[in-house]
Amino acid sequence: MQSSSAATTTATVKKNPWKDQDRSLLHNIYHKNKVPKIERRQKDGSSRMDDVDYIIVGSGIGGLWLGACLAKFNISSLVLEQHYIAGGFQHTFWRGPYEFVPGLHYIANLELCAPLYDMVATPSAILHAGNGHDGNDDNDDPNIRVTKSMRYHQAGNSVPADGGDLASHELKIGDLPVMKVRQGQDQVRAELVRVFPQETKAIDEFLALMEKAKWQAGQFATFKIFPPWLQFLTSQLLCSTYIRYASQTTEQVLGQLTSDGRLKTILSAFGGDLGESIGEGSFVMQAAVLGHVLEGCYYPQGGPIQFTRGLVPTIRQAGGDVLVKARVEEILVDYNNEDEPSSDNQQWNHHVGNNKKGPTVRRVRLANGDILSSRLGVVSDCGFRSTLKLLSSNGSIIGSKSNNNNRGRTGLEKLEKAVKESSGGISHVFTFVGLNKSHEELGLKSSSYYYIPWNETNENMDATEIQDYYRNTLLDPQVMDVSAGIVFASAKDPTYSAAVMPNRSTVIIFSEARDSDFFKFADDPAERIGGKVREHGPRTVEYQAAKNLIETKMLRSLLLNFPHLEPYIDLVEVGTPLTLFDYTRRFETLGLRHTPERMCNMELRPACQELPGLYFTGQDVAFAGWAGALAGAMVTAQELLGYTLWDFMNKKTLLRDLGCGDLEDRIQQRVREGTAASPLEVMAEVLGNAVRHVQRHLFDRSK
């Protein structure tokens, strides 16, 4: 076994077959001369070159999808990415002969998610070239789902080791038998009853609640584009089921069904995908994640970086671009004394132009000092918390001496309060392992494997405590167990992996971590204050010792479950919350927390009401994960395009305007079926939600 820094290989490494194209799409390095200008026609018939319509900070799926969607309406955007490669957590990296994917490891409910991507993507030649690299046609392969733009391998049906049983996840909790999460609710019920035969009633009740609770999260997020008073009314009346379950923790709901701690842990095992224990996480998100996993899980052929390849060309079609190594140091807030720019598109002109004087956001300052401008605003895809830190002078309004200045500060205070209440999200440590045998030779499966030790040390712990225990003891050398997710990425994407990593395979092991445990490892003590850490700065000897401990623990968890892999471990690299901070300037892997308070919060809107021109996109607008970031981007697109309740009532929606009315009909039908209720039941839910809100408010005041 060798560390990544010492990795060498004599084998032929094919690496990226699209290297030349990626140099333009993914590695388009910032230079001021590359900043696009848009030719605009004036009222007198002449034309002039002007700034892009929007600047988007961050190139995750939330930023790229939004930019591509706006391009479909001929609205230009410049996407700025501080990393050396575009794509956010969709990117990949190489260490020696091994390619690793640090982010996305499955997409659930492809029936709904794939069309949302396809409707704004530009299918390129490489995506139409058979299996993605050699031109062979694989449309008849039953293990591959082919859509308009992409090809997807189905988890649990991608490689011979899967046996075709469609198990997307395997759960190993203590000494219980390994449980398989297969596609279809009946399959999951049968597996749960097999392991917990005495809990059949609780299992049936849980599955029924899960199906009911999972459908309105997107609708609740969409209503954030309405004025606050209308947002409140529509959410209370049309999302009462969502609010009912979003306002309760998973423990509160499961506690009414069963007292079996291990069953609770099994039923909440996907809480790790949200970074919340069942005692603090909102039940509605637990239901949404597991509920959609049961629809089937898929992995994009060629890896998630394919999504970036398909979106950048669309952004360029409207005159925009995606530039990397373009770190935004500050979002500038200016006091505007000029009229707003006119626009022929009344859909967004109505809300950008409603505050013609006062604080506005249209410019950013890069780390190299360059100041870039847009016509209509700045959209952040780097999360609420990081965005607020980028605002100039902590939110003070430059050049303003009027009452509008106070309005800006008040708005920021309200938003800062909402963000602070939902901050402190979970970070992770990652261990990337290269194996010098193929997944076929090693019998690796494409399913994700979740391992939670539950032994004599912690057998008396409640299910609400077990994840916290392993998170808190991650750097404790006296506790060698660790709760871990284990993903065989090369088995999830066997066709591409065989082409670029012949006779090799990769494993990614991840575990929850407290970012505060790593602040002390900054080299300069002054850099530790307030959690500030020098980016790419030197680390302490103690930090390397901590990484060595993490490596030992993570490999131990891998080999306890897959002991036959030990002789084939060829390369190991560890990433920590400090690594995450280096590349994203945040510690939280999944953004804001998924507590009942956050999931019911109505202040976390896509538009900053008191700072016209400042917008947010991505998972913080909706919920965590790839699908959540996509949902957040859709909400922000509807905000920027000016959709109203009247539009929705007349079936004028974003999906229909993009030519996907059939998809919207399917979504609405699923929502109606999942949340069907009589007017009396809706009223009872509204009253119950009000009572819970008052109870939470009184409890918060008593603390």
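Everything below is about the structure printed above this text.
Residues numbered from 1 in each chain as written. Predicted model: local features only at pLDDT ≥ 70, side-chain atom pairs only at ≥ 80, totals over all residues. Heavy atoms only, no water.

Topic: the overall build of the protein chain
The number of helices and strands found in the protein chain is 28 helices and 24 strands. A buried classification covers 62% of the 703 residues belonging to the protein chain. Carbon and sulfur atoms make up 50% of the accessible area of the protein chain, which totals about 27800 Å². (Helix = DSSP H or I, 4+ residues; strand = E, 2+ residues; numbered from the N terminus. Buried < 20%, exposed > 50% of the residue type's maximum accessible area, 1.4 Å probe, protein only. Areas by Shrake-Rupley, 256 points an atom, 1.4 Å probe, with all protein chains shown as cover.)

Section: the sheet that holds strand 18 (residues 377-380)
The parallel open sheet is built from five strands, whose spatial order is 14-5-4-18-24. For this open sheet the edge positions go to strand 14 (321-323) and strand 24 (614-616), each flanked by a neighbour on one side alone. Each strand of the sheet is rotated relative to its neighbour by a mean of 20°, with strand direction disregarded. Bridge count between strand 18 and strand 24: three bridges; the pairing is parallel. For V379, the partnering residue across the bridge sits in strand 24 and is Y615. Running over the sheet, helix 2 (residues 61-72) touches strand 4 (54-57), strand 5 (77-80), strand 14 and strand 18 and is turned about 160° from strand 4. (Pairing = 2+ DSSP bridges. Axes fitted to C-alpha atoms, helices over the stretch in contact; angles between N-to-C directions. Contact = heavy atoms within 4.5 Å.)

Some points on a nonpolar patch on the surface
On the surface, W229, F232 and L233 cluster together to form a nonpolar patch covering roughly 350 Å² of accessible area. Classification of L233 by relative accessible area gives partly exposed; the value is 41%. (Patch = residues over 30% accessible without salt bridge, like charges linked within 9 Å, V, L, I, M, F, W, Y side chains within 5 Å. Salt bridge = Lys/Arg side-chain N within 4 Å of Asp/Glu carboxyl O.)

Some thoughts on the pattern of salt bridges
When the charged atoms of two side chains lie near each other, side chains of opposite charge can form a pair. Counted by the stated rule, this structure contains 36 salt bridges. A salt bridge links D50 to R40, with the nearest nitrogen and oxygen atoms 3.3 Å apart. With a gap of 10 residues between them, D50 in strand 3 (residues 47-50) and R40 in strand 2 (residues 38-41) connect regions that are remote in the sequence. Assigned by exposure class, D50 and R40 land together as buried. Salt-bridge contacts for R194 lead to E191; the nearest nitrogen and oxygen are separated by 2.9 Å.

Examining the packing of aromatic side chains
In the structure shown here, the tally under the stated rule is 25 aromatic pairs. When the ring of Y643 is compared with that of F648, the centres are 6.5 Å apart and the planes differ by 15°; the resulting orientation is stacked. Both residues of the pair, Y643 and F648, belong to the buried class. Ring pairing ties together the aromatic residues F93, Y98, F100, F430, F432, Y450 and F510, which thus form one cluster. Sitting over the face of the ring of Y98, R504 holds its NZ or CZ atom 5.8 Å from the ring centroid. (Phe/Tyr/Trp six-rings, centres within 6.5 Å; stacked < 30°, edge-to-face > 60°. Lys NZ or Arg CZ within 6 Å of the ring centre and 35° of its normal.)

With respect to the packing of helix 2 against helix 13 (residues 305-317)
At a minimum axis separation of 8 Å, helix 2 and helix 13 run at an interaxial angle of 40°. Regarding helix 2 and helix 13, the two cross each other, and that crossing is left-handed. Together, I61, L64, W65, G67, A68, A71 and K72 of helix 2 and T308, L311, T314 and I315 of helix 13 make up the contact between the two elements. Of the residues in the contact of helix 2 with helix 13, the class split is seven nonpolar, three polar and one charged. (Left-handed = near helix turned anticlockwise from the far one by under 90°. Nonpolar A, V, L, I, M, F, W, Y, C, P; charged D, E, K, R; others polar.)

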